[in-house]
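Residues per chain are reported as follows:
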Amino acid sequence: MTSIARKLIYSSELPVVVESQRGKNLYQLLNVFPYFGIGQKVLPTKWMAKGFRREYIEVTKIRFKKKTINHGKAWGIKYWNGVPVDGGKPKKIRGGVKWNWITWPVREPNERAGFWH
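Analysis parameters
- Counting starts from 1 at the beginning of each chain's written sequence and moves along it residue by residue.
- Only residues with pLDDT of at least 70 are given local features in this predicted model, and only at 80 or more are side-chain atom pairs given and counted; all residues enter the totals for whole chains, interfaces and linings.
- Calculated side-chain values reflect all of the structure's heavy atoms, with hydrogen atoms and water omitted.
- Strands are labelled as partners when DSSP assigns at least two bridges between them.
- Strands here are runs of E lasting at least two residues and helices are runs of H or I lasting at least four, both read from the DSSP assignment and numbered beginning at the N terminus.
- Working definition of a nonpolar core: buried Ala, Val, Leu, Ile, Met, Phe, Trp, Tyr and Cys residues. They are joined through side-chain atoms within 4.5 Å.
- Burial status follows relative accessibility: with a 1.4 Å probe on protein chains alone, a residue under 20% of its type maximum counts as buried, one over 50% as exposed, and anything between as partly exposed.
- Residues are treated as being in contact if the distance between any of their heavy atoms lies within 4.5 Å.

1. Notes on the pairing of strand 1 (residues 41-44)
So, step 1. As judged from the 2 bridges shared by strand 1 and strand 2 (residues 56-64), these two strands associate in the antiparallel manner. Of the residues in strand 2, the one forming a bridge with Lys41 is Glu58.
So, step 2. Where strand 1 meets strand 6 (residues 101-103), 3 bridges bridge the pair, whose relative direction is antiparallel. What sits directly across from Pro44, in strand 6, is Trp101.

What follows is the structure in C-alpha cells.
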C-alpha cells in the first residue's frame, strides 16, 4: 500500500468497506463498523429484490461466537415504511448467516442526466 493511500485510509473516521462481488452475512458486514455496528441500519438483499426500499432493521445488540466473527446473535428494531414494528421493541434478527446483508439507505447507481441511446 502506498503512503498516500495509507494516509487517506487512516485519516478517515468511517470504516473502509470494500465493495465485493460476493455478499456478506450480517456479522461480516457489522464487524467493520465501530461498536460492531450497534445503531447501524441494515437490510437483507432479498428485501431489495422484492422492491422494499424503506424497510430496514436498526441493530441494538450483537454477540459474536467466541471463535469466529462470522456467526453469532443479533437483535434489532424492525422498521416498515419508516415506522417501528412491534412497538419499537428489539427482536432477534433472523437469517443473519443465511442471507446477504447491506447497509441502509441503499444508494442507487447514478444515472447520467441527458444521456440518450
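Structure shown, so let's carry the discussion forward.
2. Concerning the nonpolar core
So, step 1. Leu26, Val42, Ile93 and Trp101 are the most contacted members of the largest nonpolar core, which has 14 residues in total.
So, step 2. Looking at this core, the elements that each hand over two or more residues are helix 2 (26-30), strand 1 and strand 2.
So, step 3. Excluding residues within four positions of it along the chain, Leu26 makes contact with Val42, Ala74, Ile93, Gly96 and Trp101.

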